[in-house]
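The lines below spell out each chain.
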Amino acid sequence: MAATSYYFLLLILTFVTATLDQANSQLSTNYYKSTCPKALSIVRAGIIAAIKNETRVGASLLRLHFHDCFVNGCDGSVLLDDTANFIGEKTAVPNNNSARGFNVVDQIKANLEKACPRVVSCADILAIAARDSVVVFGGPSWKVRLGRRDSTTASRAAANTSIPPPTSNLSALISSFSAQGLSLKNMVALAGGHTVGKARCTSFRGHIYNDSNIDTSFARSLQQRCPRRGNDNVLANLDRQTPTCFDNLYYKNLLNKKGLLHSDQQLFNGNSADFLVKRYAASISVFFKDFARGMIKMGNIKPLTGSAGQIRINCRKIN
């Protein structure tokens, strides 16, 4: 009887320990409350200053978080520079000559290292920076779950295959987001991040010359700046009306066949996503709520926690 009781007690202790370990490995909104209480305010100050210096960088930082999370989870891998012995993700097709905002992350990380050395991860900086950028642009806020650690690896190959290109059709977009555990609703809501920022001519050229589901005058106006050949780096606003305001005009543009990218207009093209575009175009509050929920869910994609990974001192290189 005593042996049975002892065995039962041992099982309970094992279960409790495993449960606590699992709980400790999860992300938390107050993760830095005791270890770096000023972490959130330091990041926020850095974002406000960066956007004041260059408005576009807020959208770039939002995109960096997305490109980080879609490649083997939200682990800061997108920030690693290439070295003689290491190929990172910055030269992958979706990022090469396109991903930006790295200097802002560097400055924020330097400020955090002064306040709390080796505490706040680069992956968490990206997550907070994305939220704060949206807020500065007038968009919704949400409580960012924290506690991610930084990867010691990166994958250019995974970046090339996991991040959906602007030429994607709806089925490819759905598959890409589904592979990350994100639903159709998550996908359409997160696409609303294109209410801010810009895209290069090379990203929308095919849409304005080859697609039929685009307003003729809108296409013609873009063709004047983006020829069939050349001017690859000429920029156009993803939201032609309020490119520095986080609102729901992106969806209203789609209703009028004025989405800048092929992948944008695919969301409203007589298919399963149409009803969500109409819903978000009709209600900015519904869009804000679903966008915030989508960002929380995306930020929870395969984070490194516990003893996995590391806390980088310099976001560009492994310790």
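Preceding this paragraph is the structure being described.
The rules we used
Residues numbered from 1 in each chain as written. Predicted model: local features only at pLDDT ≥ 70, side-chain atom pairs only at ≥ 80, totals over all residues. Heavy atoms only, no water. Helix = DSSP H or I, 4+ residues; strand = E, 2+ residues; numbered from the N terminus. Rg over C-alpha atoms; globule rule 2.2 N^0.38 Å. Buried < 20%, exposed > 50% of the residue type's maximum accessible area, 1.4 Å probe, protein only. Contact = heavy atoms within 4.5 Å. Areas by Shrake-Rupley, 256 points an atom, 1.4 Å probe, with all protein chains shown as cover. Lys, Arg positive; Asp, Glu negative; His and termini not counted. Charge placed at Lys NZ, Arg CZ, Asp CG, Glu CD. Salt bridge = Lys/Arg side-chain N within 4 Å of Asp/Glu carboxyl O. 1 Å grid on protein atoms, 1.4 Å probe; cavity = no way out; pocket = protein on both sides within 12 Å on 5 of 7 lines; lining within 4 Å. Points joined across faces, edges and corners; volume = space filled by probe spheres on them. Nonpolar A, V, L, I, M, F, W, Y, C, P; charged D, E, K, R; others polar. Disulfide = S-S within 2.5 Å. Phe/Tyr/Trp six-rings, centres within 6.5 Å; stacked < 30°, edge-to-face > 60°. Lys NZ or Arg CZ within 6 Å of the ring centre and 35° of its normal. Patch = residues over 30% accessible without salt bridge, like charges linked within 9 Å, V, L, I, M, F, W, Y side chains within 5 Å. Expected span 1.5 Å × (residues − 1).

A. Representation of the overall build of the protein chain in the model. Helices and strands together make up the secondary structure of the protein chain, namely 14 helices and two strands. A compact globule built from 319 residues would reach a C-alpha radius of gyration of about 20 Å, and the protein chain, at 21 Å, matches this within 12%. When the backbone C-alpha atoms are referred to their principal axes, the protein chain occupies close to 85 × 45 × 35 Å. When each of the 319 residues of the protein chain is scored for burial, the buried share is 49%. Partitioning the contacts of the protein chain with sequence separation of at least 6, the portion at a separation of at least 24 is 76%. Accessible area of the protein chain: about 15,100 Å², with a carbon and sulfur share of 54%. Across the protein chain, the 38 positively charged side chains and the 20 negatively charged ones have centroids separated by 4 Å.

B. Up close: the pattern of salt bridges. Counted according to the given criterion, the structure contains eight salt bridges. In this structure, Asp 124 engages Arg 148 in a salt bridge whose closest nitrogen and oxygen atoms are separated by 2.6 Å. Of this pair, Asp 124 sits in helix H5 (residues 122-136) while Arg 148 is found in the loop between H5 and helix H6 (156-162), placing the two residues 24 residues apart along the sequence. Like Arg 148, Asp 124 is buried. When the shortest N-O distance is used, the salt bridge between Arg 131 and Asp 132 registers 2.7 Å. If you follow the salt bridges from partner to partner, you end up with Asp 81, Lys 90, Asp 106 and Arg 316 in one network.

C. Region of the structure containing empty space enclosed by the protein. Under the counting rule described, the total for this entry stands at one cavity of 30 Å³ or more. By volume, the largest cavity amounts to about 90 Å³. As for the largest cavity, its lining consists of His 65, Ala 127, Trp 142, Lys 143, Val 144, Arg 145, Arg 148, Met 295, Ile 296, Gly 299 and Asn 300. When the residues that make up the lining of the largest cavity are grouped by side-chain class, the tally is five nonpolar, three polar and three charged.

D. The arrangement of the state of the cysteines in detail. Taken as a whole and judged by the stated rule, the model has four disulfides. A sulfur-sulfur separation of 2.1 Å characterises the disulfide bridge that pairs Cys 122 with Cys 315. The sign of the S-S torsion, about -95 degrees, decides the handedness of the disulfide formed by Cys 122 and Cys 315: left-handed. Of this pair, Cys 122 sits in helix H5 while Cys 315 sits in the segment after helix H14 (284-298), and the two are 193 residues apart along the sequence. An identical accessibility class is assigned to Cys 122 and Cys 315; each is buried. The residue that forms a disulfide with Cys 201 is Cys 226, at a sulfur-sulfur distance of 1.9 Å. Around the S-S axis, the bridge from Cys 201 to Cys 226 shows a dihedral of about 75 degrees and counts as right-handed.

E. Fine view of the packing of aromatic side chains. All told, the structure shown has 14 aromatic pairs when counted by the stated rule. Where Trp 142 meets Phe 291, the ring centres are 6.0 Å apart and the plane angle is 70 degrees; that geometry is what we call edge-to-face. Taken together, the residues span a long stretch of sequence, with Trp 142 in the loop between H5 and H6 and Phe 291 in helix H14 at a distance of 149 residues. Using a relative accessible area of 8% as the deciding quantity, one classes Trp 142 as buried. With a relative accessible area of 0%, Phe 291 lands in the buried category. Members of the aromatic cluster, connected to one another through ring pairs, are Trp 142, Phe 246, Tyr 250, Tyr 251, Tyr 280, Phe 287, Phe 288 and Phe 291. Sitting over the face of the ring of Phe 102, Lys 90 holds its NZ or CZ atom 4.1 Å from the ring centroid.

F. Quick peek at a positive patch on the surface. On the surface, a cluster of positive charge is made up of Lys 185, Arg 279, Lys 289 and Arg 293. Relative to the helices and strands, Lys 289 resides in helix H14.

G. Geometry of helix H4 (residues 102-115). The end-to-end C-alpha distance of H4 is 20 Å, a good match for the 20 Å that 14 residues give at a rise of 1.5 Å each. Residues of H4 that are buried include every one of Phe 102, Val 104, Val 105, Ile 108, Lys 109, Leu 112 and Glu 113, and no others. In the core, the buried residues of H4 are packed alongside helix H2 (39-53), helix H3 (57-69) and H5.

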